[in-house]
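Residue-level structural notes
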Amino acid sequence: MQVGDLVKVKECLADKEWKGEFTQFPCTCFFCAADSSRIGLIKGFGPMNMYIVQFDCGEWSFDKFEFARKEVEVISEASSS
């Protein structure tokens, strides 16, 4: 992963499981609360193997473990030219 890559955050499992049954209790995570597209641009690196990502709803950071667990996936790599 590198600066300029586009990433997509996986949909919340809790939100999937609760839809239809308890719609008065929506997911309150950063992405659901902002009704985000969950697509972001890696804009830099932080401490402790963190990636700083800009989304339509603001900035969030992820570590390499979240990428390894496929919670966040690279959907388009930045061109190196």
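Look a little higher up for the structure.
From a predicted model like this one, the values you see are computed outputs, not experimental measurements.

Bringing the packing of aromatic side chains into the picture now. Counted under the stated rule, the structure contains 9 aromatic pairs. Seen in terms of ring centroids, F31 and W60 are 6.0 Å apart; in terms of plane orientation they differ by 65°. Their pairing is edge-to-face. Taken together, the residues F31 in helix α2 (residues 30-33) and W60 in strand β4 (residues 58-63) connect sequence positions 29 residues apart. Three or more aromatic residues joined by ring pairs form one cluster here, namely F30, F31, F45, Y51, F55, W60, F62 and F67.

The next subject is the pairing of strand β3 (residues 50-55). Both strand β2 (residues 39-46) and β3 contribute to a ladder of 6 bridges, which runs antiparallel. Residue pairing for β3: G40 is matched across the bridge by F55. Adjacent in sequence and paired antiparallel, β2 and β3 are bridged by 3 residues, among which M48 carries a positive phi angle near 60°. As paired strands, β3 and β4 are joined by 6 bridges and run antiparallel to one another. Bridging across to β4, Q54 finds its partner in E59.

A separate point is a nonpolar patch on the surface. Residues L6, I39, L41 and I75 make up a contiguous nonpolar surface patch of about 300 Å² in total accessible area. Relative to the helices and strands, L6 is located in strand β1 (residues 6-9). Here L6 falls in the partly exposed class, since its relative accessible area comes to 33%.

Attention now moves to the side chain of R38. Relative to the elements of secondary structure, R38 occurs in the loop between α2 and β2. Within the local environment of R38, its side chain forms a polar contact with the backbone oxygen of K10, the two atoms lying 3.2 Å apart. Ignoring anything within four residues of it in the chain, the contact list for R38 reads V7, K8, V9, K10, E11, C12, C29, F31, C32 and F55.

The subject of this paragraph is the environment of E73. By secondary structure assignment, the location of E73 is in strand β5 (residues 72-76). Classification of E73 as partly exposed rests on a relative accessible area of 43%. Separated by 66 residues in the primary sequence, E73 and V7 place their C-alpha atoms 5.4 Å from one another. If sequence neighbours within four positions are ignored, E73 has contacts with L6, V7 and K8.

Residues V7, V9, F31, I42, Y51, V53, F55, F62, F67 and V72 constitute the largest nonpolar core, which totals 10 residues. Examining the composition of this core, we find that 3 residues originate from one element, β3, more than from any other. Beyond its immediate chain neighbours, meaning those up to four positions away, F31 contacts V9, S36, R38, F55, C57, W60 and F62.

Scoring rules and cut-offs
Residues numbered from 1 in each chain as written. Predicted model: local features only at pLDDT ≥ 70, side-chain atom pairs only at ≥ 80, totals over all residues. Heavy atoms only, no water. Phe/Tyr/Trp six-rings, centres within 6.5 Å; stacked < 30°, edge-to-face > 60°. Helix = DSSP H or I, 4+ residues; strand = E, 2+ residues; numbered from the N terminus. Pairing = 2+ DSSP bridges. Patch = residues over 30% accessible without salt bridge, like charges linked within 9 Å, V, L, I, M, F, W, Y side chains within 5 Å. Areas by Shrake-Rupley, 256 points an atom, 1.4 Å probe, with all protein chains shown as cover. Salt bridge = Lys/Arg side-chain N within 4 Å of Asp/Glu carboxyl O. Buried < 20%, exposed > 50% of the residue type's maximum accessible area, 1.4 Å probe, protein only. Polar contact = N/O pair within 3.5 Å; in protein donor to acceptor, adjacent residues only side chain to side chain. Contact = heavy atoms within 4.5 Å. Core = buried A, V, L, I, M, F, W, Y, C linked by side-chain atoms within 4.5 Å.

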